[in-house]
Amino acid sequence: MSTTWHVLGAGSLGTLWATRLARADVPVKLILRDAARLAAYQAAGGLTLVEHGEAKCYPVPAETPDHPEPIHRLLVACKAYDAEAAVAQLAPRLAPDAELILLQNGLGSQDAVATQVPQARCIYASSTEGAFRDGDWRVIFAGHGYTWLGDAGHPVAPIWLDDLSIAGIPHEWSTDILTRLWRKLALNCAINPLTVLHDCRNGGLQEHHCEVATLCVELTELLERCGQPAAAEDLQQEVERVIQATAANYSSMYQDVANQRRTEISYLLGHACKVAARHQLNLPHLNQLEQRLITHLHSLGLPSD
Ligand code: NAD
Ligand code: KPL
């Protein structure tokens, strides 16, 4: 019998992973916030995944955080700003050989979690898969992609990657996961805040070429200074390529703001500005962008952390 996957967070990515593992008969359990959420989930009868227009319900077993069973493998599938508190709550349940897979976008939350549970192996992930919720316990698989997983302190791939292959979850073990996460963070910093401030789709940034280019220069400087030169390579060209390739899309931050949801700003632009300050690097445009974004979020009554 293989090790059970505990999935924390029955949101978009948590559902996408839990349902694919369950349909491949890999043992998986959901961890829901509290007894009320558990009762609501049980009444719904399971998680529904909509793929290629077809909806299928998977009765993945679920429990609350205070369940007594030890956790050996935990997929942390909440937002970056919830990860530390969510894992703290589960710390007493982590077995001595526990492994955590951290799916959060941006940077900062992963190190915070890893510091909190030093006995556990923390694997960082970066995903280009896309999913969104269109109802409680119901997720649309919107964009096929890839998930890179890696452990900066221990380059050997875990054996359970086989579970992901069996479940049809496209993935690759990465020996430079931090470089991948920094590259993605830089792309997100160059694109997402501007789409919010200019109220446009990604393609709308083609009209703000100079502003994007200036940010790319500063982000390149930051990546080089913080020991990530590979993440800095041809950054501006890639940003322009992504803007073109995703021209019709709204960025994830744009969608969060449009739906009055808290953004992950502290783990994206906020993290970039914090690391720059730590290196005593003066990046005026990046700092100004952060201030403009914070002011804008406040004007909408949204949190800026
Ligand atoms: P989501 O908001 O859809 O889901 C998060 C879930 O975690 C929610 O259901 C929330 O209630 C739950 N949660 C939070 N704290 C909890 C706790 N203490 N106990 C139990 N449940 C808790 O978020 P998402 O879109 O799945 O994103 C998760 C992470 O993945 C984010 O960092 C996001 O940026 C990243 N990501 C998402 C996508 C995507 O397409 N959705 C793609 C790539 C990366
Ligand atoms: O990842 C993205 C997002 O919207 O979060 C892209 C499409 C790359 C834009 O930054």
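Since we're looking at a predicted model, the values are computed, not measured.

Participant: I'm lost on the packing of helix α6 (residues 177–197) against helix α9 (residues 235–245) in this one. Help?
Facilitator: For any two helices packed against each other, one specifies the crossing angle of their axes together with the interaxial distance. It is the contact of α6 with α9, at a shortest axis distance of 10 Å, that shows an interaxial angle of 65°. Here α6 runs over α9; the crossing is right-handed. When α6 is examined against α9, the residues R183, A186, L187, A190 and I191 are found in contact with a partner set consisting of L235, E238, V239, V242 and I243. Class assignment of the residues belonging to the contact of α6 with α9 gives a composition of eight nonpolar, no polar and two charged.

Participant: Would you take a moment to explain the site of ligand 1 for this structure?
Facilitator: Around ligand 1, 24 residues are found, and the nearest of them are S12, L13, N105, A131 and E264. A distance of 3.2 Å separates an oxygen atom of ligand 1 from a polar side-chain atom of R133. In the environment of ligand 1, an oxygen atom lies 2.6 Å from a nitrogen or oxygen atom belonging to the side chain of E264. Taking 830 Å² as the accessible area of ligand 1 by itself, protein coverage stands at 84%. At the level of elements, α1 (12–23), α3 (80–90) and β9 (130–135) are the ones that each hand at least two residues to the shell around ligand 1. Residue contributions to the shell around ligand 1 peak at four residues, all from α3. Per-class residue counts for the shell around ligand 1 are 10 nonpolar, eight polar and six charged.

Participant: For this particular structure, what's the right way to read the site of ligand 2?
Facilitator: Around ligand 2, a shell composed of K184, L187, N188, I191, N192, N202, V242, S251 and S252 is seen. N192 places a side-chain nitrogen or oxygen 2.5 Å from an oxygen atom of ligand 2. Contacts to ligand 2 include S252, whose side-chain N or O atom sits 2.5 Å from an oxygen atom. For ligand 2, whose accessible area on its own is 280 Å², the fraction buried by protein is 80%. Sorting elements by how many residues they give to the shell around ligand 2 places α6 first, with five residues. When grouped by side-chain class, the residues that make up the shell around ligand 2 number three nonpolar, five polar and one charged.

Calculation criteria
Residues numbered from 1 in each chain as written. Chains lettered and ligands numbered in written order. Predicted model: local features only at pLDDT ≥ 70, side-chain atom pairs only at ≥ 80, totals over all residues. Heavy atoms only, no water. Axes fitted to C-alpha atoms, helices over the stretch in contact; angles between N-to-C directions. Helix = DSSP H or I, 4+ residues; strand = E, 2+ residues; numbered from the N terminus. Left-handed = near helix turned anticlockwise from the far one by under 90°. Contact = heavy atoms within 4.5 Å. Nonpolar A, V, L, I, M, F, W, Y, C, P; charged D, E, K, R; others polar. Near = heavy atom within 4 Å. Polar contact = N/O pair within 3.5 Å; in protein donor to acceptor, adjacent residues only side chain to side chain. Areas by Shrake-Rupley, 256 points an atom, 1.4 Å probe, with all protein chains shown as cover.

Function-wise, these values are silent; they only describe arrangement.
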